[in-house]
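One-letter residues, chain by chain:
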Amino acid sequence: MCSAATKRRHAFVLASIALFGVAVGGWFVWRHHGQPPRPRYLLINETGQHDYDLAFRMSLKLAEKKSGIENALVLLASLPPFKTIEQTAVELFTQMKIGARRNGRGILYVYSARENLLRIEVSYALEGDIPDVYCHRLEEAAKSYMLSEVPQDFISELIITTNLRGAGATRDSTEWSRPPWLSSEFLSGGGGALLHGYDKTLADYDAAIRRLPEPELREYTPASDVGVSVERYLASLAAGVGDPRLPLLTEGSRLFRAVVPRDEAQQERIGEFFRSAAPYRLLFAGDLALLVPQPNHSNLPLVLRRGTDNLWYVDEAKTWTYFHRFEDNVNFFVKYSDNPFLGALRALRVPNMDYAIYGAHVSTPPLPAYPFPLQAAIRTLEDKIREAPQRAANYAALGDLYLFEANWLTKAIASYEIASDLAPAEPAYRWRLFDLYLNASRVEQMLAQLKYLSEHGPADSQTRQWYRYYKSEYDFGGDSHL
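Treat the numbers as computed from the prediction; the structure is a model and nothing was measured.

J.: Hey, could you go over the packing of aromatic side chains for me, with residue numbers and the actual values?
T.: According to the stated counting rule, one finds 26 aromatic pairs in the structure shown. Relative to Y280, the ring of F274 has its centre 6.2 Å away and its plane inclined at 55°; by these criteria the two rings are tilted. Overall, F274 belongs to the buried group, its relative accessible area being 5%. By relative accessible area, Y280 is classed as partly exposed at 22%. Between the aromatic rings of Y469 and Y470, the centroid separation amounts to 5.3 Å while the plane-to-plane angle is 70°, which identifies the pairing as edge-to-face. Taking relative accessible area as the criterion, Y470 reaches 12% and is therefore assigned buried. An aromatic cluster is built from Y322, F323, F332, Y336, Y358, F404, W431, F434, W466, Y469 and Y470, whose rings are joined through pairwise contacts. Its end group placed over the ring of Y134, R165 keeps NZ or CZ at 4.4 Å from the ring centre.

Below, the structure is given as structure tokens:
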């Protein structure tokens, strides 16, 4: 929590290596030897997992730019001996003088992986906007979200929304809490010990979902009228329902909700975005429908899918895989030139439809008839891989199944990395990895793929421009690996 008394006693001293041990030894040496100079956007990561470091530093940069508050993020493998998370954060806050260059406005986030504990320390000047109760709610939520499939998303959103509060914009900041259905039983798989979400299989998630108490969700069933399905879905958002067993979701979208859990406040916020973007336009393409928001509203369109039972299901996974919205543009983009709605969106003069982000460099997979058993489809592809382990196309097909049916990024990445290793000259695999790394906040891997594509496609000036742009955006003056 962010106690005023704690802050007045002052906090944040890293006095000796003996005090903090190996966990922050790198900071001590760097600080006291005077080289290199202290980075502007302070990230210390002692966990051994550095895939997201550049994305975290970008979050610190964007937060400070929006709020005028200095932020620092410290990720520890474990707490120093005989120190609590509170003591560690207090001592770090004072020693690193967080907020000194921003007129005493600073926030520190300390997370210790072994203990699965988060602590937020804010400067005295910010305590009116970021009170103890807000910090405590986030610290409790972290115990669930940091064990989920996408802990990096929680951290990045935590930084941005806490800064919005610090800047006085409380209405626009998400107040994270643990979803009612997400329990330690769900996270542990019933075995008692908590496991990180990215270690789980589809069978693990399916079993965990089946063990959940029976919900009261009968009013949110799919309908034969697409408009009815839309209204029921919007009603579920307004009610804050994030439960993965929502009946009108596709099977893959239910899995997506288990992999990327959202709490009631987040669902309500998404519902508010949808309501503010009304009236909608409805487009059809075969067994798919698209609910298009009005221009200049911060939202993605909503994809629906007609089943062979003639019912319309909401396909949240395809909403995320067919479309993209950048932080600096409220209007959405189409990812692929074979998107079945691209022509109709252009006819409606929807913004950003003059091109698809990835053009024809990579395409969407064929759309199977729905419903179908997702686990069986995955097992079929896994059998093909066992029969022909050197065939890259089978790994790519498995990656597409994970991606386009469930938006399960880590599984899709694992499959596509093998496909690309087996067929390194296949540009479509690298384009898919570029997209996956970008959306999974793995910036260094994203840049590596884009560098390769820019160098091996000399006629593609847009790709070279992208590489120069992203490389410049994520250039933090050589201090990216502290």
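J.: So, the pairing of strand β6 (residues 288-292): which residues are in play, and what are the values?
T.: Burial analysis of β6 places five of its five residues in the buried class, which makes it a mostly covered element. Burial along β6 is two-sided: the face carrying L288, L290 and V292 and the face carrying A289 and L291 are both buried. Two strands pair when backbone bridges link them, and strand β5 (residues 281-285) and β6 are joined in this way by five bridges, in the antiparallel orientation. Paired with F284 across the bridge in β6 is A289. Taken together, β5 and the strand that follows it, β6, pair antiparallel across an intervening segment of two residues, in which G286 is found at a positive phi of about 60°.

J.: Just give me the short version of the sheet that holds strand β1 (residues 42-45), but keep the residues and values in it.
T.: Strands sit in the order β1-β2-β3-β4 across an open sheet of four strands; the sheet is mixed. Strands at the two margins of the open sheet, each flanked by one partner only, are β1 and β4 (117-122). Geometrically, the sheet is characterised by an average inter-axis angle of 10° between neighbouring strands, direction not taken into account. Bridging between strand β2 (residues 70-76) and strand β3 (residues 106-112) involves seven bridges; their strand directions are parallel. Counted as the bridge partner of L73 is Y109 from β3.

J.: Could you give me a rundown of the packing of helix α9 (residues 202-211) against helix α15 (residues 374-387), with the residues and numbers involved?
T.: As a packed pair, α9 and α15 sit with axes 11 Å apart at the nearest point and diverge in direction by 165°. In terms of orientation, α9 and α15 fall into the roughly antiparallel class. In this structure, α9 crosses over α15, and the sense of that crossing is left-handed. Residue-level inspection shows L202, A203 and D206 of α9 in contact with α15, the latter providing L374, Q375 and I378. Looking at the contact of α9 with α15 residue by residue, the class counts come to four nonpolar, one polar and one charged.

J.: Outline the sheet that holds strand β7 (residues 302-306), listing residues and values.
T.: Strands sit in the order β5-β6-β7-β8 across an open sheet of four strands; the sheet is antiparallel. Two strands close off the open sheet at either side, each with one partner strand: β5 and β8 (312-314). Between one strand and the next, the sheet's axes are offset by a mean angle of 25°, whatever the strand orientation. Judged from the four bridges that link them, β6 and β7 form a sheet pairing that is antiparallel. Within β7, the residue paired with L290 across the bridge is V303.

What counts as what
- Residues numbered from 1 in each chain as written.
- Predicted model: local features only at pLDDT ≥ 70, side-chain atom pairs only at ≥ 80, totals over all residues.
- Heavy atoms only, no water.
- Phe/Tyr/Trp six-rings, centres within 6.5 Å; stacked < 30°, edge-to-face > 60°.
- Buried < 20%, exposed > 50% of the residue type's maximum accessible area, 1.4 Å probe, protein only.
- Lys NZ or Arg CZ within 6 Å of the ring centre and 35° of its normal.
- Helix = DSSP H or I, 4+ residues; strand = E, 2+ residues; numbered from the N terminus.
- Pairing = 2+ DSSP bridges.
- Axes fitted to C-alpha atoms, helices over the stretch in contact; angles between N-to-C directions.
- Parallel < 35°, antiparallel > 145°, perpendicular 65-115°, else oblique.
- Left-handed = near helix turned anticlockwise from the far one by under 90°.
- Contact = heavy atoms within 4.5 Å.
- Nonpolar A, V, L, I, M, F, W, Y, C, P; charged D, E, K, R; others polar.

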